[in-house]
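# Examining the three-dimensional arrangement
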Amino acid sequence: MIKQFQYYIASIALFVLVTGCASHYTNKELHHIFQNEGFNVKETDRGIVVFLPEVFFKFDSTELTRPAHEDLQFVGEVLSDPKALSRLIYVEGHTDSIGDSSYNEALSLRRSNVVADSLVSNNVSDDRITRRGFGMKYPIAPNTMPDGTDNPEGRTQNRRVEIVVEENNVQANTGGY
């Protein structure tokens, strides 16, 4: 009888341990994790959008800064956590409005690839990542001033990559924003 009771207790403990390990991050938990590390995070119908604070690119560049590498290491640690493995990841590159739209789309995809490759080097499975280049389609700041003159600060903010973390059971939104 004591042996059966011990097996029963051991079974319950194993069940609790396994179900605890199988739990997943909620959007709220992911939002909190990234926000506490200084990331600008927004919950949308597309999922959790992580705006990387140090991942702005120089004009016509795909080179990551040292702070960007550090930020992406942290993002990689979170997204490779077993509690995040059910999530799909969209790495979305953007550019400012200077230049030809087809060139900017290719440049934004190269930026997306650099960030996605960094995540892969930080143990995020490439199978979970979709890389996208939107060019200048979705600015987050004005590229020009109201009088039509150049807005260098706005253009800098638009040369970015965003990471969208989506539940795996949600249909991918391929229509953009």
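All residue numbers here refer to positions counted from 1 along the written sequence of the relevant chain. Only residues with pLDDT of at least 70 get local features here, since the model is predicted, and only at 80 or more are side-chain atom pairs given and counted; chain-wide, interface and lining totals rely on the full set of residues. Only hydrogens and water are removed before side-chain values are computed, so all heavy atoms of the structure are retained for them.

## Thoughts on the packing of aromatic side chains
Put simply, the rule is: Under the pairing criterion, centres of Phe, Tyr and Trp rings, with the six-membered ring standing for Trp, must be within 6.5 Å; the plane angle then separates stacked pairs below 30 degrees from edge-to-face pairs above 60, leaving the rest tilted. Think of it this way: any DSSP run of H or I at least four residues long counts as a helix, any run of E at least two long counts as a strand, and we number them from the N terminus. Relative accessible area decides the class of each residue, using a 1.4 Å probe on protein chains only: under 20% of the type maximum gives buried, over 50% gives exposed, and in between gives partly exposed.
With the rule as written, the count across this model stands at four aromatic pairs. Here phenylalanine 39 and phenylalanine 74 contribute two aromatic rings whose centre-to-centre distance is 6.0 Å and whose plane-to-plane angle is 20°, an arrangement assigned as stacked. Linking phenylalanine 39 in the loop between α2 (27-36) and β1 (40-44) with phenylalanine 74 in helix α3 (residues 66-79), this pair joins segments that are 35 residues apart in sequence. Of the residues examined, phenylalanine 39 reaches a relative accessible area of 5% and is grouped as buried. Site record: aromatic cluster; members linked through ring pairs are Phe34, Phe39 and Phe74.

## Observations regarding the confidence of the model for the protein
Reading fine detail from the predicted coordinates is not recommended where pLDDT is low. Applied cut-off: Values of pLDDT, ranging from 0 to 100, describe the predictor's confidence in every residue of the model. Only heavy atoms enter the contact rule, under which two residues are in contact if any of them lie within 4.5 Å.
Mean pLDDT over the protein stands at 85; residues scoring 70 or higher make up 81%. Taken together, the stretch residues 13-20 has pLDDT below 50 and engages in zero contacts with residues farther than four places along the chain or on a different chain. Contacts from residues 170-177, a stretch scored under 50 in pLDDT, to residues over four places away or in other chains number 17 contacts.

## Some words on the pattern of salt bridges
Inclusion rule: Criterion for a salt bridge: a side-chain nitrogen of Lys or Arg within 4 Å of a carboxyl oxygen of Asp or Glu.
Overall, the coordinates contain ten salt bridges when judged by the stated rule. Arginine 87 serves as the salt-bridge partner of glutamate 167, at 3.0 Å between the closest nitrogen and oxygen. On the criterion of sequence distance, the pair formed by glutamate 167 in strand β5 (residues 160-167) and arginine 87 in strand β3 (residues 87-93) is long-range, its members being 80 residues apart. In this structure glutamate 167 comes out as partly exposed when scored by relative accessible area, which is 27%. Residue arginine 87 is classed as buried on the basis of its relative accessible area, which comes to 1%. In this structure, the salt-bridge partner of arginine 131 is aspartate 117, at a minimum N-O distance of 2.8 Å. One end of the pair, arginine 131, is in strand β4 (residues 129-133); the other, aspartate 117, is in helix α4 (residues 101-121), and 14 residues separate them in sequence. The class of arginine 131 is partly exposed, set by a relative accessible area of 25%. On the basis of relative accessible area, aspartate 117 is assigned to the partly exposed category, the value being 43%. If you follow the salt bridges from partner to partner, you end up with Asp96, Asp150, Arg155 and Arg159 in one network.

## A closer look at the pairing of β5
The side chains of a regular strand alternate, first on one face of the sheet and then on the other. Quick note on the threshold: Pairing between two strands requires that DSSP report at least two bridges joining them.
The element β5 is largely enclosed, with a buried count of seven among its eight residues. Taken together, the seven bridges between β3 and β5 define a ladder with antiparallel strand orientation. Bridge pairing in β5 places valine 91 opposite isoleucine 163.

## Let's talk about α2
Filter applied, for reference: It is the directions from the helix axis to the C-beta atoms that the arc portrays.
Listing the buried residues of α2 in full gives Asn27, Leu30, His31 and Phe34. With its buried residues spanning 100° around the axis, α2 presents them on a single face. Of the exposed residues in α2, the ones pointing more than 90 degrees away from its buried face are Lys28 and Asn36. Just downstream of α2 lies glycine 38, where phi reads positive at about 95°.

## Focus: the nonpolar core
Put simply, the test is: Note on terminology: a nonpolar core comprises buried Ala, Val, Leu, Ile, Met, Phe, Trp, Tyr and Cys residues joined through side-chain atoms within 4.5 Å.
Counting 26 residues, the largest nonpolar core has Phe34, Val115, Leu119 and Ile163 as the members making the most contacts within it. Of all the elements, α3 adds the most residues to this core, at five residues. Those residues in contact with isoleucine 163, other than ones at most four positions away along the chain, are Ile48, Val49, Val50, Leu52, Leu72, Val75, Leu79, Ile89, Tyr90, Val115 and Leu119.

## Description of the side chain of serine 61
Assignment of secondary structure puts serine 61 in the loop between β2 (47-56) and α3. Contacts of serine 61, omitting those with residues within four sequence positions, involve Leu107 and Arg111.

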